[in-house]
Structures are given as structure tokens and as C-alpha cells.
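Single-letter residue listing:
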Amino acid sequence: RAYLGRIVKGDFGWSISRNMPVRELIGKHLPWTLLLMGTALALSSAISFLAGIGAAWRRGGVRDRALVVAMTGARAVPEYAIAAVLLIVFAVLWPILPLYGAKTPFAEYASPLALVLDIARHLVLPAGALTLGLMGNKFLLVRNTTIGVLGEDYMVLARAKGLSDRRLKFHHAGRNALLPFLTVLGIQVGFAVGGSVFVESVFAYPGMGTLILRAVEQR
């Protein structure tokens, strides 16, 4: 009871292995996880929404079929496997991005912009892996919802009025796909938390996932 009372007050105890308060450990690692999750959710949402509407608009075409196959495949592959492939390709075989971490160790930055760019370079691979893992479900939902909307009477009337394709896709069809899309997006926040644990472990990214795994090992 006393421990639960301290948790309510924000006192999570003392880390024996790190010799520091647990609250400070969480404060150091949580922002990195929020950055990773926020970036992945934003990118996966934007890409899957636009790609889903575009695929539905040209349903049955080569681009539509290619996107469906690619998104279904990405949906079936776990995030840590995607992360491992990206790590091998873009950090080992073709070393254009950092191998691990959230920023370059012991680096001295000439300006705040240099620090931001370094953090962004380290974020590309882990955020890319998590983004690919989160896109499949949202893409298929938007595509199927939009296909169902295209045959509605109000869409036929909008076409008869001579509205542009862009207005038809995003103002009429996209609007109707938005509500189920946002519902799935809310559910996916939980999946993003689980996926980030494994992605962070692959890239040694200093977020909550890495902290949890080290705590379990040290326990």
C-alpha cells in the first residue's frame, strides 16, 4: 500500500542497477520513445491514407495491385524483422545511415540545427521500420472504405456536376473514410508501443523499450 501511494505521487522508487531514481530513468528514456512513436504514427497515417484513396480511385490497376501486395506483406512481417532488414541493408551493406543509438556519441555540435539533423539521421531507420509495420491495416481499411463510397449516389451526382478528381477523392470519398481511419489509428497506438519495444532493441535506441528490456535482464 505504501509503494502504491508513492507511485500516485510520482515516486517510482530507486533503481539498484543504475543507482538513480526510477523517475529520472523514465524521464531520460520516455521522450525518445514518444519521438519514435509519434513520427511513425504520423508518417504511417499520412502515407496509408493518401495511398489508400489513390489505390481505390484506380482500383484494379497495376499500382493498386502492387500496393495491396506490398501492404499485405508488410502487415504480415513483424516490426523487428523489418528493422533487422533495414539495419543490414542501409547500415551495414550500404552504410548511409547510423547503425545504432539516437545521436552520435561524444559529438560536438556547431549549432542546434546540427544536433537536430543528427537526431533525424538516427531516427530514419527505427521510424521507417515501425512506419512500415503500421501502414498495412490503415491502408487496406481506407482502400476498402473508399471503394464502397465511390458507387454511392452522391458521388455520381458530384461527378455529374463536373467536380475535379482531387475534390472528389479527398473532399467526398476521403471524408467518409476518415472516421473508421481515426478509430483504427487510436487502436494502433497500443500496437505502436509494443512494436517500438522490439524496434528499439534492434537499433539500441535509448527509449522505453530498451529500458524495459535491460530492466528484465538485470532483474
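Everything below is about the structure printed above this text.
What this report covers is the structure whose coordinates are included nearby.

Moving on, we come to the overall build of the chain. Counting secondary structure elements, the chain contains eight helices and two strands. In the chain, the succession of helices and strands from N to C terminus is α-β-β-α-α-α-α-α-α-α. Taken against the 2.2 N^0.38 rule, which gives 17 Å for 219 residues, the C-alpha radius of gyration of the chain at 22 Å runs more than 25% over that of a compact globule. Viewed in the frame of its principal axes, the chain has a C-alpha envelope of about 70 × 50 × 35 Å. For the chain, the share of sequence-separated contacts (at least 6 apart) that also reach a separation of at least 24 residues comes to 73%. Approximately 12,900 Å² of the chain is accessible, and the part contributed by carbon and sulfur atoms is 66%. Here the chain contributes 23 positively and 11 negatively charged side chains, and the mean placements of these two sets differ by 5 Å.

This part takes up helix H5 (residues 112-150). Given a rise of 1.5 Å per residue, 39 residues ought to cover 57 Å, yet the end C-alpha atoms of H5 are separated by just 48 Å, more than 12% below that figure. The largest bend along H5 reaches roughly 40° and is located at valine 124, with the proline proline 126 sitting one to four residues downstream.

Attention now moves to the environment of valine 92. Secondary-structure assignment places valine 92 in helix H4 (residues 79-93). Since its relative accessible area comes to 49%, valine 92 is described here as partly exposed. Here the alpha-carbon distance between valine 92 and lysine 169, two residues 77 residues apart in the chain, equals 41 Å. Those residues in contact with valine 92 that lie beyond four places of it in its chain are Leu87 and Leu99.

Next up on the list: the packing of aromatic side chains. If you walk through the whole model with that rule in mind, you get four aromatic pairs. Where phenylalanine 90 meets tryptophan 94, the ring centres are 6.0 Å apart and the plane angle is 40°; that geometry is what we call tilted. Given a relative accessible area of 26%, phenylalanine 90 falls into the partly exposed group.

Once that is clear, we can look at the packing of helix H6 (residues 153-160) against helix H7 (residues 165-203). With their axes 11 Å apart at the nearest point, H6 and H7 run at an angle of 170° to one another. Relative to H7, the element H6 is oriented roughly antiparallel. Across from Tyr154, Met155, Ala158 and Arg159 in H6, the residues of H7 making contact are Leu168, His172, Ala173 and Asn176. Split into classes, the residues belonging to the contact of H6 with H7 amount to five nonpolar, two polar and one charged.

Let us now look at the nonpolar core. Counting residues in each nonpolar core, the largest one holds 23 residues, and the members touching the most others are Leu36, Leu125, Ala129, Leu130, Leu134, Phe203 and Tyr205. Of all the elements, H5 adds the most residues to this core, at seven residues. Setting aside residues no more than four positions away along its own chain, leucine 36 makes contact with Leu123, Pro126, Ala127, Leu130, Ser196, Glu200 and Tyr205.

Rules and cut-offs
- Residues numbered from 1 in each chain as written.
- Predicted model: local features only at pLDDT ≥ 70, side-chain atom pairs only at ≥ 80, totals over all residues.
- Heavy atoms only, no water.
- Helix = DSSP H or I, 4+ residues; strand = E, 2+ residues; numbered from the N terminus.
- Rg over C-alpha atoms; globule rule 2.2 N^0.38 Å.
- Contact = heavy atoms within 4.5 Å.
- Areas by Shrake-Rupley, 256 points an atom, 1.4 Å probe, with all protein chains shown as cover.
- Lys, Arg positive; Asp, Glu negative; His and termini not counted.
- Charge placed at Lys NZ, Arg CZ, Asp CG, Glu CD.
- Expected span 1.5 Å × (residues − 1).
- Bend = angle between axes of the 7 residues up to and from the residue.
- Buried < 20%, exposed > 50% of the residue type's maximum accessible area, 1.4 Å probe, protein only.
- Phe/Tyr/Trp six-rings, centres within 6.5 Å; stacked < 30°, edge-to-face > 60°.
- Axes fitted to C-alpha atoms, helices over the stretch in contact; angles between N-to-C directions.
- Parallel < 35°, antiparallel > 145°, perpendicular 65-115°, else oblique.
- Nonpolar A, V, L, I, M, F, W, Y, C, P; charged D, E, K, R; others polar.
- Core = buried A, V, L, I, M, F, W, Y, C linked by side-chain atoms within 4.5 Å.

Everything listed here is a matter of geometry and, on its own, says nothing about what the molecule does.
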